[in-house]
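Each chain, written out:
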Amino acid sequence: GGEEAMPEWRAIFGAALPHIDVRWWSDPTLPREDVHYALVWEPPPGFLARLVNLKLIVSSGAGVDHLTQDPDLPRHVPIVKMGAPEAAARMAEYVLAAVLFHHRRFHHFVDAQRRRQWARVETTEAANRVVGVMGLGTLGAAAATALRTTGFRVRGWSRNAKTLDGIETFAGRDGFDAFLDGTEILVCLLAATPETEGIVNAATLARLPGGACVVNAARGSHVVLPDLIAALDSGHIAAATLDVFETEPLPADDPAWAHPRILITPHVASTAGRQARGRFVIEAIRAFEAGETLPNQYDPARGY
Ligand code: NAP
Ligand code: GLV
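Rules used throughout
Residues numbered from 1 in each chain as written. Chains lettered and ligands numbered in written order. Predicted model: local features only at pLDDT ≥ 70, side-chain atom pairs only at ≥ 80, totals over all residues. Heavy atoms only, no water. Near = heavy atom within 4 Å. Polar contact = N/O pair within 3.5 Å; in protein donor to acceptor, adjacent residues only side chain to side chain. Helix = DSSP H or I, 4+ residues; strand = E, 2+ residues; numbered from the N terminus. Nonpolar A, V, L, I, M, F, W, Y, C, P; charged D, E, K, R; others polar. Pairing = 2+ DSSP bridges. Axes fitted to C-alpha atoms, helices over the stretch in contact; angles between N-to-C directions. Contact = heavy atoms within 4.5 Å. Buried < 20%, exposed > 50% of the residue type's maximum accessible area, 1.4 Å probe, protein only. Core = buried A, V, L, I, M, F, W, Y, C linked by side-chain atoms within 4.5 Å. Phe/Tyr/Trp six-rings, centres within 6.5 Å; stacked < 30°, edge-to-face > 60°. Expected span 1.5 Å × (residues − 1).

**Concerning the site of ligand 1**
Residues in contact with ligand 1 amount to 31 residues; listed here are only the nearest, Leu 136, Asn 160, Lys 162, Leu 190 and Tyr 304. Separating an oxygen atom of ligand 1 from a backbone N or O atom of Thr 138 is a distance of 3.0 Å. Interatomic distance of 2.5 Å between a side-chain N/O atom of Tyr 304 and an oxygen atom of ligand 1. Sorting elements by how many residues they give to the shell around ligand 1 places helix α5 (residues 138-150) first, with three residues. Along the lines of polarity and charge, the residues of the shell around ligand 1 split into 14 nonpolar, 10 polar and seven charged.

Shown next, in the form of structure tokens:
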């Protein structure tokens, strides 16, 4: 949101943290040297470096790639990534919607309707459908659990081995092929790092069974879009739902817009409301002031 959200932010923070003066970032009277906490989405590069007494950065998004790309990011200041439970619940909703769309072959019906075709296809129960979730962090774990509760056969893949109730888990590069084998709907909720860049590429897609579908709600950098379009055109991949892109908004001339088997959503998968985000930010500032462990802290060594 823009500056019009300030009264609401003031009310949220004023009630819980009365000792804090809440200011809008581009306020010309902002006393930069007095800023201790910054709640940001995509600040202009170099902006945070000018807040010389900054103690804590809270990213209003779960992804911090846009912050870490700033060459002048003050590296000594801890970063907390948005971890409101409501944000995870909203992502779980989005993933459920997209997975059910593909599971019930709605992508086929959307395409058939365009051609005025009464084209039935056979579908199966969720219990026969294998959904693989890449990334089992705050959002991936919530999505995987929601899919499990809906009755899917769910597996997950992460960097470190994980245990999640009712979910088959795989870890690391060594576990990747076994994770992909048999995954009929692939969901990407990975962190964006150099290791995960372009991970949904021709080789990965080729490993999935014929007719598989892809859902990307993480970052555009995870999917090699020309590889995905080639796999869709060859018929190996049936359809995809994409919420995130390398360039956003997706340029009007991008071939993905017109592809009959790609559903595009404009980076809307998970946005929690201000009250929900505010509660999380308050919790983070309180933890910081009490010298306690920060929630959902970005780890520069891991890169996420
Ligand atoms: P997170 O808690 O940091 O979790 C990241 C996950 O990625 C972890 O499970 C991590 O493994 C895994 N991972 C990282 N590097 C890996 C590697 N090399 N190999 C295998 N797994 C790896 O992140 P999150 O908060 O859940 O967010 C997930 C993604 O969603 C981010 O990309 C974020 O930007 C995106 N996002 C999108 C939207 C939207 O609206 N579309 C909204 C919010 C967030 P470990 O568990 O082993 O550490
Ligand atoms: C949105 O994409 C986020 O990272 O929260």
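Having seen the model, we can carry on.
**Quick notes on the sheet that holds strand β5 (residues 153-158)**
Across the sheet, which stays open at both edges, the seven strands sit in the order β6-β5-β4-β7-β8-β9-β10 with parallel pairing between neighbours. The strands lining the two open edges of the sheet, one partner per strand, are β6 (168-171) and β10 (262-264). For this sheet, the mean angle separating the axes of adjacent strands, direction not counted, is 15°. Each of β4 (130-134) and β5 touches α5; the most contacted strand, β4, lies at about 170° to it.

**What to know about the environment of His 76**
Relative to the assigned elements, His 76 resides in the loop between α2 (65-68) and β3 (79-81). Its relative accessible area of 66% is what places His 76 among the exposed residues. Each C-alpha atom of the pair His 76 and Lys 55 lies 8.6 Å from the other, and the pair is 21 residues apart in sequence.

**Side note on the nonpolar core**
In this structure, Met 134, Leu 228 and Ile 237 are the most contacted members of the largest nonpolar core, which totals 30 residues. Those elements that provide at least two residues to this core are α6 (172-180), β7 (185-188), β8 (212-216), α8 (225-233), β9 (237-242) and β10. When residues in this core are grouped by element, the largest group, five residues, is from α8. Each residue touching Met 134, except ones within four places of it in the same chain, is listed here: Trp 157, Phe 176, Phe 179, Leu 186, Val 187, Cys 188, Leu 189, Leu 190, Ile 199 and Val 200. With 26 residues, the next largest nonpolar core counts Ala 88, Ala 144, Ile 167 and Ile 185 among its residues.

**A few points about the sheet that holds strand β2 (residues 56-59)**
With respect to topology, three strands assemble into an open sheet ordered β1-β2-β3, the strand pairing being parallel. Two strands lie at the open edges of the sheet, namely β1 (37-40) and β3, each paired on one side alone. The average undirected angle you get between the axes of adjacent strands in this sheet is 20°. Sheet analysis places β1 next to β2, joined by four bridges and oriented parallel. By the bridge assignment, Val 40 is partnered in β2 with Ser 59.

**A few points about the packing of aromatic side chains**
Tallied over the full model, the rule gives nine aromatic pairs. Taking the centre distance of 5.8 Å and the plane angle of 80° together, the rings of Tyr 37 and Phe 288 count as edge-to-face. Linking Tyr 37 in strand β1 with Phe 288 in helix α9 (residues 274-289), this pair joins segments that are 251 residues apart in sequence. Their ring planes at 65° and their centres at 6.3 Å tell us that Phe 106 and Phe 109 sit as a pair that is edge-to-face.

**Focus: helix α3 (residues 85-103)**
A turn of α-helix holds 3.6 residues, and therefore any two residues three or four places apart point the same way. Taking 1.5 Å of rise per residue, the 19 residues of α3 would be expected to cover 27 Å, and the 26 Å separating its terminal C-alpha atoms lies within 8% of that figure. Among the residues of α3, those classed as buried are Ala 87, Ala 88, Met 91, Ala 92, Tyr 94, Val 95, Ala 98, Val 99, Phe 101, His 102 and His 103. At the C-terminal side of α3, Arg 105 shows a positive phi close to 55°.

**Focus: unusual backbone geometry**
Note that the residue after Glu 248, namely Pro 249, is joined by a cis bond; omega there is -5°. Along the polypeptide, Pro 249 turns up in the loop between β9 and β10. Located in the positive-phi region is His 267, a residue other than glycine, with phi close to 50°. Its place among the elements puts His 267 in the loop between β10 and α9. The backbone phi angle of Asn 296 is positive, close to 50°, even though this residue is not glycine. Relative to the elements of secondary structure, Asn 296 occurs in the segment after α9. Looking at Asn 296, the relative accessible area reads 25%, which means it is partly exposed.

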